[in-house]
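# Coordinate inspection notes
Okay, here's what each chain looks like letter by letter:
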Amino acid sequence: MKSFIASICILGLVGMVVGVAVQGADTGTVAATVTPRLLSVSVSPITVGYGVVDVPGVDKAPVTPTTDPVITATNDGNAAEKLNIKGANATGTSVLWTITTAAPGGSPTYNYNHKFGVSPYSIFTAMDTNYATLVASVAQGGTQDFRLRLSTPTDAGADYSVHSTTVTVQAVTP
């Protein structure tokens, strides 16, 4: 009889353990991580010199550091990026050259072209002050090479000083 009572007690304890083991948890957690997108681009070289150019001029490649140097844009961000490019007006001593995608012109607008091209460098696209696509997607750490060309206005407007301009490369989400 003692063994029967002991067996019943043991079975009762096992039943309580099984009953407790099948109870569900009242909470659950999910570990989540996120990495903020870092958009970053660098270019090299950061200066290009066209030298002395005839007015009116035709497409002119830079003369320093070599003829028609390759400019490299590098995705320094942490994900793929779309790279855009735009030009700017060129300032001199007294006459502003206005960047345009139309044919270069003379007085009174002094329009000029600044163009970019990507490999195989057979087609160059005129820039203006609005962004255009340089490349639709560059992988993290990847690069995009491009070259520049410039056409002067048909008239210098008696301003034969050095004219300066910029080309901006922008990284955006593809």
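Each value, and the rule that gives it
Residues numbered from 1 in each chain as written. Predicted model: local features only at pLDDT ≥ 70, side-chain atom pairs only at ≥ 80, totals over all residues. Heavy atoms only, no water. Helix = DSSP H or I, 4+ residues; strand = E, 2+ residues; numbered from the N terminus. Buried < 20%, exposed > 50% of the residue type's maximum accessible area, 1.4 Å probe, protein only. Contact = heavy atoms within 4.5 Å. Areas by Shrake-Rupley, 256 points an atom, 1.4 Å probe, with all protein chains shown as cover. Pairing = 2+ DSSP bridges. Axes fitted to C-alpha atoms, helices over the stretch in contact; angles between N-to-C directions. Core = buried A, V, L, I, M, F, W, Y, C linked by side-chain atoms within 4.5 Å. Phe/Tyr/Trp six-rings, centres within 6.5 Å; stacked < 30°, edge-to-face > 60°.

### What to know about the overall build of the protein chain
Looking only at helices and strands, the protein chain has 1 helix and 9 strands in total. Secondary structure elements in the protein chain, listed N-terminal to C-terminal, are α-β-β-β-β-β-β-β-β-β. Per-residue burial over the protein chain gives 30% buried out of 174 residues. Across the protein chain, contacts joining residues at least 24 apart in sequence account for 77% of those joining residues at least 6 apart. Accessible area of the protein chain: about 10,600 Å², with a carbon and sulfur share of 59%.

### Some remarks on the environment of Gly 87
Along the chain, the position of Gly 87 falls in the loop between β3 (81-86) and β4 (98-99). Residue classification places Gly 87 among the buried residues on the basis of a relative accessible area of 6%. Through-space distance from the C-alpha of Gly 87 to that of Met 127 is 5.5 Å; in sequence the pair is 40 residues apart. Other than its neighbours up to four places away in sequence, Gly 87 contacts Ile 99, Met 127, Asp 128, Thr 129 and Thr 166.

### A word on the side chain of Asn 84
Summarising the element assignment, Asn 84 is placed in strand β3. Given the relative accessible area of 7%, Asn 84 is considered buried. Among all residues touching Asn 84, those that are not within four sequence positions of it are Tyr 131, Ala 132, Thr 133, Leu 134, Thr 168, Val 169, Gln 170 and Val 172.

### A look at unusual backbone geometry
Only a minority of non-glycine residues have a phi that is not negative, and only a minority of peptide bonds are not trans. The step from Ser 44 to Pro 45 runs through a cis peptide bond, and the omega angle for that step is 0°. With respect to the helices and strands, Pro 45 occurs in the loop between β1 (41-44) and β2 (71-75). The residue after Ser 119, namely Pro 120, is reached through a cis peptide bond having omega 15°. With respect to the helices and strands, the residue Pro 120 is situated in the loop between β5 (111-117) and β6 (125-126).

### Digging into the sheet that holds strand β9 (residues 168-172)
Taken together, the 3 strands give an open sheet; going across it, the order is β7-β3-β9, and neighbouring strands pair in antiparallel fashion. Looking at which strands have only one partner, the edges of the open sheet turn out to be β7 (132-138) and β9. Pairs of neighbouring strands in the sheet enclose a mean axial angle of 20°, with direction left out of account. The pairing of β3 with β9 spans 5 bridges and is classified as antiparallel. Its bridge partner lying in β9, Lys 86 is registered against Thr 168.

### Looking at the nonpolar core
Counting residues in each nonpolar core, the largest one holds 21 residues, and the members touching the most others are Leu 83, Ile 85, Leu 134, Phe 146, Leu 148 and Val 169. Counting residues per element, the ones that place at least two in this core are β2, β3, β5, β7, β8 (143-151) and β9.

### Topic: the environment of Ala 139
Along the chain, Ala 139 turns up in the loop between β7 and β8. If we ignore the near neighbours within four places in the chain, the residues touching Ala 139 are Asn 75 and Ala 80.

### As for the packing of aromatic side chains
The geometry of an aromatic ring pair is captured by the separation of the ring centres together with the interplanar angle, meaning the angle of the planes. The full count for this structure, using the stated rule, is 1 aromatic pair. Where Trp 97 meets Tyr 112, the ring centres are 5.9 Å apart and the plane angle is 50°; that geometry is what we call tilted. Placement of the pair is Trp 97 in the loop between β3 and β4 and Tyr 112 in strand β5, with a sequence separation of 15 residues. Assessed through its relative accessible area of 9%, Trp 97 is described here as buried. Residue class for Tyr 112 comes out buried when judged on its relative accessible area of 0%.

### Structural notes on the pairing of β8
For β2 and β8, the ladder comprises 4 bridges, and the chain directions are antiparallel. Residue pairing for β8: Thr 72 is matched across the bridge by Asp 145. Pairing analysis gives 5 bridges linking β5 to β8, with the strands arranged antiparallel. Within β8, the position partnered with Lys 115 by the bridge is Arg 149.

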